[in-house]
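Close look at the chain arrangement
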Amino acid sequence: MKKSLLMVLALSFTLAGCGGGNSNSNTATNANAGNDAASNTTANANTSTNTSTDANAANTGDDAAATNQPAATDEVVTIKYATWGDKAENGAEMKRIKAFEATHPNIKVEIDKSMDWPWDEKLAAAAAADKLPDVTWLFNVPLAVGSGWLEDLTPYLEQDPDFSSDKIYGNLADTGKYNGKQFALPHGLYSWAIYINKDLFAKANIPVPGPDWKLSDLEDISKKLTNYNEHQFGIDGAAGMGDVLIPNFNPSLGASTWDGTQYNYTDPAWAEATNWANNFGYKDKSSLQSYKKEERDKWYGKDISGFNIGKVGMVFDATWSLTWYKQNLKFNWEILPVPGVNGQKEGLVTDYAGVTKSSKHKKEAVEFLKWMTYSKDGWLARIKDESPLATMPLVNDPDVWNAWLNQPFVTPGIKEIVKAIPTGVLETFKYQPGFADFQSKVKDKYNEKFQKGEARPEDVAAELQEQSMQYYNNAMAKITEATK
């Protein structure tokens, strides 16, 4: 599996130019399932595709023989689809399905309502009962590959002229590839960011910083925005920024210290980023997380976000929240890239989907997966039907990007984040072999000790270095065996 350090999204057109001349408004939010960096967010994801049924229905005869699959016919078939997205009758998932069915009349898509959280456990149970859906979202891609649940997509993609890594989403496609075989495709692209309350900034006479701001600027602004007597604070979520900040302390590293070959927990950048997140996030009195939950509930109401009600000036969140913020915030807001330190790199997040090996309608399932991931027509339909669509497009097409950038919630700050995608770093949780287990069984336990002051990152760096590589190598061995 190719694991490039920077996970460069190879956009073949100038993103800045695509956004030029657009008049934008302020506001937006959506949500997505995440990892330890996501301490204060929710969940959703998206996808799309180019070409109609006729194009792929032509893949009969020799093509069918090449994939050992029966040729697609005009017979109407029904495929099952597992998603943790909005499954309401008028929700995003149904809109996506209806748009697909309108252009693919021989394929019906039925949401598999038996699939829910905990996602990996439900997938495993479905696999054991031989009841896996045809197409499924994936919370842990390596687990699904190593368990033998997923179809190798490579033969299908090789026959599709619409699929190529430079034309679609550059190296991001490679994150679903293991031992040279494509088992999953990204269907949603998001970025970590800092949302700001522009009204609180204006009230405190604080200029909105530019996109190239520094971590020291965030600290200074947070302190200036804080007024304890009014229960107003500078930032929420700062304690979750550690992993995202690693490449900003050392630009040669990727997320979770991965450098394309190995983890680097013994590099000082990991301890620096972790210490900053714990010291500022949990101890600085301008950070809302430094106060007990009982106090926060007393000030704002039980489980109410101080940022959402206008009492916190900044919050660390991701662009999947754009839709929710757009629809619910009552104040003027903007979004900024995560601040830099020795450099500045955006932290990117992808969601994945795949076709199951047990599917009896693989060609049709691949066609629906295409609609969700790399189809131009699929993305254009989603942008039209699901607006405001928070996920950034995964296709390298100027028409799609222009349509997305022309959505009314796309602010100047969002455009700056889009510009930073090509040098962004992709978080490892959902695609990196062994990392999800390493995080839940090892790293998270130490995070609790760091927070309580019972351990220092510097003192356990060597142990984490050894264990992270052990989990990675064990998971890769299992994947290698499953993908022979």
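The preceding data block contains the structure.
Attention here is on the structure that accompanies the text. (Residues numbered from 1 in each chain as written. Predicted model: local features only at pLDDT ≥ 70, side-chain atom pairs only at ≥ 80, totals over all residues. Heavy atoms only, no water.)

1. Some details on unusual backbone geometry
- The omega torsion across Trp-117 and Pro-118 is 0 degrees, close enough to zero to call that bond cis.
- By the secondary structure assignment, Pro-118 is in the loop between β2 (107-111) and α5 (119-128).
- Residue Ser-387 is joined to Pro-388 through a cis peptide bond whose omega torsion reads 5 degrees.
- Here Pro-388 lies in the loop between α15 (376-385) and α16 (398-405).
- Even without glycine at this site, Thr-257 takes up a positive phi of about 75 degrees.
- Relative to the helices and strands, Thr-257 is located in the loop between α10 (242-249) and α11 (268-283).
- On the basis of relative accessible area, Thr-257 is assigned to the buried category, the value being 0%. (Helix = DSSP H or I, 4+ residues; strand = E, 2+ residues; numbered from the N terminus. Buried < 20%, exposed > 50% of the residue type's maximum accessible area, 1.4 Å probe, protein only.)

2. Overview of the environment of Tyr-265
- Its location among the elements puts Tyr-265 in the loop between α10 and α11.
- Linking Tyr-265 and Glu-466, residues 201 residues apart in sequence, is a C-alpha distance of 8.9 Å.
- Looking at Tyr-265, its side chain comes within polar contact range of the main-chain oxygen of Ser-256, at 3.4 Å. (Polar contact = N/O pair within 3.5 Å; in protein donor to acceptor, adjacent residues only side chain to side chain.)

3. Re the packing of aromatic side chains
- This model, assessed by the stated rule, comprises 40 aromatic pairs.
- Ring geometry for Tyr-195 and Trp-333: centres 5.8 Å apart, planes at 50 degrees, overall tilted. Here the residue Tyr-195 occupies a position in strand β6 (residues 185-197), and Trp-333 occupies one in strand β9 (residues 333-336), the gap between them amounting to 138 residues. Just as Tyr-195 is buried, Trp-333 falls in that class too.
- Residues Tyr-265 and Phe-438 carry aromatic rings whose centres are separated by 5.8 Å and whose planes lie at 55 degrees to one another, so their mutual orientation is tilted. Here Phe-438 lies in helix α18 (residues 435-452) and Tyr-265 lies in the loop between α10 and α11, a separation of 173 residues in the sequence. No difference in accessibility class separates Tyr-265 from Phe-438, as the two residues are buried.
- Grouping aromatic residues by their ring pairs yields a cluster made of Trp-258, Tyr-263, Tyr-265, Trp-270, Phe-435, Phe-438, Tyr-446, Phe-450, Tyr-471 and Tyr-472. (Phe/Tyr/Trp six-rings, centres within 6.5 Å; stacked < 30°, edge-to-face > 60°.)

4. Thoughts on the pattern of salt bridges
- Using the criterion set out here, one finds 19 salt bridges in the structure.
- A salt bridge links Glu-93 to Arg-96; the nearest nitrogen and oxygen atoms lie 2.9 Å apart. With Glu-93 and Arg-96 both in helix α4 (residues 92-103) and three residues apart, the pair spans about one turn of that helix. In this structure, Glu-93 and Arg-96 share a single accessibility class: buried.
- Here Lys-177 ties to Asp-174 by a salt bridge, and the two come within 3.6 Å at their closest N and O atoms.
- Residue class for Asp-174 comes out buried when judged on its relative accessible area of 10%.
- Salt bridges here are not isolated pairs; linked through shared partners, they connect Glu-93, Arg-96, Arg-382 and Glu-386. (Salt bridge = Lys/Arg side-chain N within 4 Å of Asp/Glu carboxyl O.)

5. A closer look at empty space enclosed by the protein
- What the rule picks out here adds up to three cavities of 30 Å³ or more.
- Taken as a whole, the second largest cavity spans an internal volume of roughly 70 Å³.
- Lining the second largest cavity are ten residues; nearest its centre among them are Trp-192, Val-244, Ala-255, Gly-347 and Glu-427.
- Residue composition of the lining of the second largest cavity, grouped by class: seven nonpolar, one polar and two charged. (1 Å grid on protein atoms, 1.4 Å probe; cavity = no way out; pocket = protein on both sides within 12 Å on 5 of 7 lines; lining within 4 Å. Points joined across faces, edges and corners; volume = space filled by probe spheres on them. Nonpolar A, V, L, I, M, F, W, Y, C, P; charged D, E, K, R; others polar.)

6. Overview of the pairing of strand β8 (residues 312-318)
- The buried count for β8 comes to seven of seven residues, which makes it a mostly enclosed element.
- Pairing of β6 with β8, which is carried by five bridges, proceeds in the antiparallel orientation. If you follow Ala-193 over to β8, its bridge partner there is Asp-317.
- Bridge count between strand β7 (residues 233-236) and β8: three bridges; the pairing is parallel. Each bridged residue has a counterpart across the sheet, and for Ile-235 the counterpart in β8 is Met-314. (Pairing = 2+ DSSP bridges.)

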